Amino acid sequence: MMRGTGLVNRLAMLIAAVGAAMFPLAPLHAEDGYDLWLRHAPLSAVDAQAARPYLGRGVQLLGEMSPTVKLALDELGQAGERMTGLEPSPHPALVLARADRLESGGYPSDPRLAGAPPGSYSIRAVRSGRILITAHDDLGLLYGAFALIRHIGVTGTVAGVEAFSAPAMPLRMLNHWDNPDGHVERGYAGRSIFDWWHLPEKLDPRMIDYARANASVGINAVVVNNVNARGFMLEPRYIAKLKRLADTWRPYGIRVFMSARFSAPRDIGGLPTADPLDAAVAAWWRAKADEIYASIPDFGGFLVKANSEGQPGPQDYGRSHADGANMLAAALGTRGTVIWRAFVYKAEDDTDRTMQAYAEFAPLDRQFADNVILQIKNGPLDFQPREPFHPLFGAMPKTKVMLEAQITREYLGQATGMAYLAPLWKEVLAADTGRGGTVAQIVAPVGMAGVANTGSDRNWTGTHFDAANWYAFGRLAWNPALTSDQIAREWTAQTFTRAAAPREAIVQMMLGSRETVVKYTSPLGLAHLMGTGHHYGPAPWVCDLERPDWNPCYYHRADAQGIGFDRTTTGSNALAQYAPAVANQWADPATANPRYLLWFHHLPWTHRMASGRTLWDELVTTYDQGVLETEARAQGWAALAPHIDPERHAAVATDLAIQRTEARWWRNASLSFWQSLHSLPLPAGAAPIPERLEAYQARTFPEAPGQ
Ligand code: BDP
């Protein structure tokens with residue numbers, strides 16, 4: 001399914017045929033990114049021969065044929081055709097076996113599978129050169145097949161494929177902020193991939209390719225609509241549409257969830273109230289759940305954004321978040337789960353915004369029903385280029401909590417340039433909460449959600465490199481112990497090239513790319529300095545928005561003397577929301593990690609940094625490093641031209657050129673504004689700021705995408 005369009009294919013084949021003598025290895029179709037990491041690029045002739053018995057049709061199956069097993073076989077067949085270019089081997093040496101059928105084939109059982117969670121698989125080399133993929137469930141066989149394909153796709157060979165793998169977390173979920181009209185909130189890759197209007201009759205084949213991509217990295221749950229939900233999506237016509245998607249994705253192991261608008265009983269149910277303690281409201285939700293389960297027996301449940309940014313919720317009726325979540329949880333019963341978002345903050349509350357979610361939810365520990373999960377963003381503010389981890393992790397030991405990450409780059413340059421986010425997520429997952437483990441350990445019993453970055457763009461994600469973030473999210477949710485480089489290496493080998501030198505060059509470019517964005521947008525712990533509404537570009541001067549905590553000036557607090565948000569005991573004391581050991585490491589500006597310096601401290605511009613520079617000089621130096629890094633990346637990419645197909649090479653080169661321009665803009669606009677406050681000179685050697693502050697302030701982008 002994942003191929004170029006017919007016309008492109010025909011033309012490409014024609015060109016390939018004409019040029020075959022000169023370029024025998026030219027790809028048969030233009031590379032446009034649609035195939036993502038499932039390109040299955042051809043192996044060398046020698047490797048193809050060696051891999052042939054393990055890929056392709058003719059795999060031996062021990063177990064029942066089911067829709068999921070059939071997908072596994074199809075995937076192996078397709079990968080075989082494309083990677084080896086050969087007819088299936090007359091002596092296939094791959095066996096797919098359900099664990100309960102091993103004996104019938106005379107194969108030993110694998111003790112590691114005993115008690116392993118659903119989806120686990122083992123890949124073993126067995127007698128006479130055979131490879132055996134075993135799992136308890138069919139989904140494990142599909143995941144095992146994808147793992148084998150990935151291994152060959154990355155290394156070129158089957159050697160070393162043996163593995164046992166079990167998902168670290170049960171819920172590995174995408175949250176789509178897609179609206180029913182096709183607009184994607186914070187979407188930078190075109191319109192929504194979901195064609196709600198034509199469902200259920202018409203199923204875009206893209207829905208299958210989407211499921212394949214997800215399953216190939218272990219993603220097993222999808223919230224199909226925006227957390228800022230429309231009530232009408234719970235009407236019967238939408239349940240029919242959702243059923244079509246659920247039926248399509250079921251064989252791929254993907255469960256569907258919906259964002260539910262809390263006021264739906266009023267909006268579409270004709271009730272005068274949505275009070276969670278009102279019996280008629282509870283009965284309405286119960287009937288709604290019954291109606292959904294009648295169509296979609298494995299419906300996952302509801303995701304709810306309540307009493308946040310204008311969304312309705314239980315507090316509209318004087319009830320608590322627990323009252324609201326538990327009422328919905330009772331409607332679902334044992335059939336499903338309510339995922340309640342912890343992203344709440346109030347207009348009327350002048351508490352430091354980063355403290356409000358903790359203050360709201362920590363006291364509710366123990367009060368949530370068993371089938372309620374609290375979904376907590378990685379940091380206490382809002383998906384910034386860097387934030388410390390959210391203090392709620394570890395603070396609610398009696399509540400099921402999961403991590404919410406953002407794959408779409410709302411605050412990290414959106415769909416330009418490169419920002420590989422695995423290092424950001426690893427930073428959070430690896431953070432020790434001081435309260436019973438790292439964030440990864442705390443969320444492992446439940447899971448991880450990522451706000452999706454997919455759209456109708458041909459390459460799915462706007463830039464080719466943003467597909468790495470979708471990929472990395474899935475891989476980390478499966479195994480948070482994977483390193484950012486391992487994931488980058490895998491993705492690059494499958495997406496661009498297996499050749500070691502160019503692959504390593506790309507991996508290195510990816511690894512530092514998020515840090516580059518931090519440097520030129522939000523150095524030293526600064527946050528939320530982006531343009532109003534769309535969050536594109538710098539706007540640290542904005543200070544006149546109706547809500548104080550929507551203003552960049554609320555976050556940087558810069559004036560003639562200094563900059564930064566004092567969150568120590570002399571300020572908001574947000575530090576106190578962390579375990580003492582964690583708080584202590586950030587409490588003293590002299591020893592705090594500079595990454596979080598201005599997040600927790602308000603300091604004079606003349607503050608002496610560990611580097612010996614003043615804070616002001618350090619800021620300038622950091623912005624400048626960010627700019628230089630974007631330049632180096634653009635040059636590095638240019639040098640890779642001989643190794644990358646021209647279409648994708650040119651597209652990425654353009655993205656990186658835009659990022660270089662944006663980095664300069666961020667640097668100049670930000671420095672110009674800081675300088676307007678304190679009038680300190682730029683350090684010697686720093687490039688002058690080319691325009692006046694007013695010129696940067698005058699740039700407006702009311703039409704910026706994703707709002
Ligand atoms: C912010 C986005 C906004 C979302 C909100 C949320 O700007 O569009 O609705 O988060 O997570 O990052 O609910």
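Computed from a prediction, not measured in an experiment: that's the story for all the values here. (Residues numbered from 1 in each chain as written. Predicted model: local features only at pLDDT ≥ 70, side-chain atom pairs only at ≥ 80, totals over all residues. Heavy atoms only, no water.)

Turning next to helix α18 (residues 580–587). Of all the positions in α18, only Val 582, Ala 583 and Trp 586 are classed as buried. Each buried residue of α18 sits inside an arc of 95 degrees when the element is viewed along its axis, so together they form one side. For α18, the exposed residues lying more than 90 degrees away from the buried face are Pro 580, Ala 581 and Asn 584. Among the structural elements, α19 (597–600) are those in contact with the buried residues of α18. (Buried < 20%, exposed > 50% of the residue type's maximum accessible area, 1.4 Å probe, protein only. Helix = DSSP H or I, 4+ residues; strand = E, 2+ residues; numbered from the N terminus. Arc of directions from axis to C-beta. Contact = heavy atoms within 4.5 Å.)

Across the sheet, 5 strands lie side by side as β1-β2-β4-β3-β5; this open sheet has mixed pairing. At either end of the open sheet lies a strand with only one pairing partner, and these are β1 (60–62) and β5 (163–165). The sheet shows a mean angle of 15 degrees between the axes of neighbouring strands, direction not considered. Two strands pair when backbone bridges link them, and β1 and strand β2 (residues 94–98) are joined in this way by 3 bridges, in the parallel orientation. Within the sheet, the bridge partner assigned to Gln 60 lies in β2 and is Val 95. (Pairing = 2+ DSSP bridges. Axes fitted to C-alpha atoms, helices over the stretch in contact; angles between N-to-C directions.)

Lining the immediate environment of the ligand, one finds 14 residues, of which Glu 185, Lys 305, Arg 341, Lys 377 and Glu 410 sit closest. Lys 305 places a polar side-chain atom, nitrogen or oxygen, 2.6 Å from an oxygen atom of the ligand. In this structure, Asp 382 approaches the ligand through a side-chain N or O atom, which is 2.7 Å from an oxygen atom. Protein burial of the ligand: of its 320 Å² of free accessible surface, 97% is covered by the chains. Grouping the constituent residues of the shell around the ligand by class yields 4 nonpolar, 2 polar and 8 charged. (Near = heavy atom within 4 Å. Polar contact = N/O pair within 3.5 Å; in protein donor to acceptor, adjacent residues only side chain to side chain. Areas by Shrake-Rupley, 256 points an atom, 1.4 Å probe, with all protein chains shown as cover. Nonpolar A, V, L, I, M, F, W, Y, C, P; charged D, E, K, R; others polar.)

Attention shifts here to the domain arrangement of the protein. We note that the domain assignment places domain 1 (33–165), domain 2 (176–480) and domain 3 (518–565 + 602–697) within the protein. Between domain 1 and domain 2, the residue contacts involve 19 residues of the former and 22 residues of the latter. Put simply, domain 1 and domain 2 have 1 salt bridge between them. Scanning the region where domain 1 abuts domain 2 turns up 7 residue pairs in polar contact (both at pLDDT 80 or more). Counting only elements with at least two residues in the side of domain 1 that touches domain 2, the list comes to α3 (67–84) and α4 (138–155). Of the residues belonging to the side of domain 1 that touches domain 2, the class tally is 11 nonpolar, 6 polar and 2 charged. (Domains from an automatic or database assignment. Salt bridge = Lys/Arg side-chain N within 4 Å of Asp/Glu carboxyl O.)

This model, assessed by the stated rule, comprises 45 salt bridges. Here Arg 353 and Asp 382 are joined by a salt bridge, their closest N and O atoms 3.9 Å apart. Of the two residues, Arg 353 is situated in helix α10 (residues 353–361) and Asp 382 in the loop between β11 (372–377) and β12 (400–406); the sequence distance between them amounts to 29 residues. For the pair shown, Arg 353 and Asp 382 are each scored as buried. Connected through shared salt-bridge partners, Arg 386, Glu 427, Arg 514, Glu 515 and Arg 595 make up one network.

All chains considered together, the criterion is met by 1 disulfide. Note on cysteine connectivity: Cys 543 is disulfide-linked to Cys 553, with sulfurs 2.0 Å apart. On the S-S bond that ties Cys 543 to Cys 553, the torsion sits near 80 degrees, and the link is right-handed. One end of the pair, Cys 543, is in the loop between α16 (513–521) and α17 (552–556); the other, Cys 553, is in helix α17, with 10 residues separating them in the sequence. (Disulfide = S-S within 2.5 Å.)

Let us now look at the confidence of the model for the protein. When pLDDT is averaged across the protein, the result is 95; 96% of the residues are at 70 or more. Taken as a whole, residues 1–28 scores under 50 in pLDDT and shows 29 contacts with residues more than four places along the chain or in a different chain. (pLDDT = per-residue confidence, 0-100.)

With 5 of 6 residues buried, strand β3 (residues 121–126) is to be regarded as a mostly interior element. Counted along the chain from β3 to the antiparallel partner strand β4 (residues 130–135), the turn is 3 residues long, and its residue Ser 128 has a positive phi close to 45 degrees.

Let's shift gears to the nonpolar core. In this structure, Trp 249, Trp 285, Trp 340 and Trp 674 are the most contacted members of the largest nonpolar core, which totals 215 residues. Ranked by residue count, the leading element in this core is α4, at 10 residues. Within the second largest apolar cluster, 7 residues are counted, among which are Ala 97, Leu 102, Val 126 and Leu 132. (Core = buried A, V, L, I, M, F, W, Y, C linked by side-chain atoms within 4.5 Å.)

Here the focus is the packing of aromatic side chains. Across all of its chains, the model carries 42 aromatic pairs by this definition. Judged by centre distance (6.1 Å) and plane angle (50 degrees), the ring pair of Phe 389 and Trp 586 falls under tilted. Of this pair, Phe 389 sits in the loop between β11 and β12 while Trp 586 sits in helix α18, placing them 197 residues apart in sequence. Ring centres 5.5 Å apart and planes at 90 degrees place the aromatic pair Tyr 536 and Phe 701 in the edge-to-face group. You can see Tyr 536 sitting in the loop between α16 and α17 and its partner Phe 701 sitting in the segment after α22 (693–697), a full 165 residues away along the chain. An aromatic cluster is built from Tyr 34, Trp 37, Phe 194, Trp 196, Tyr 210, Phe 232, Tyr 238, Trp 249, Trp 460, Trp 470 and Tyr 471, whose rings are joined through pairwise contacts. Its guanidinium or amino end placed over the ring of Phe 565, Arg 557 lies 3.9 Å from that ring's centre, counting from NZ or CZ. Over the face of the ring belonging to Phe 565 we find Arg 567, whose NZ or CZ atom lies 3.7 Å from the ring centre. (Phe/Tyr/Trp six-rings, centres within 6.5 Å; stacked < 30°, edge-to-face > 60°. Lys NZ or Arg CZ within 6 Å of the ring centre and 35° of its normal.)

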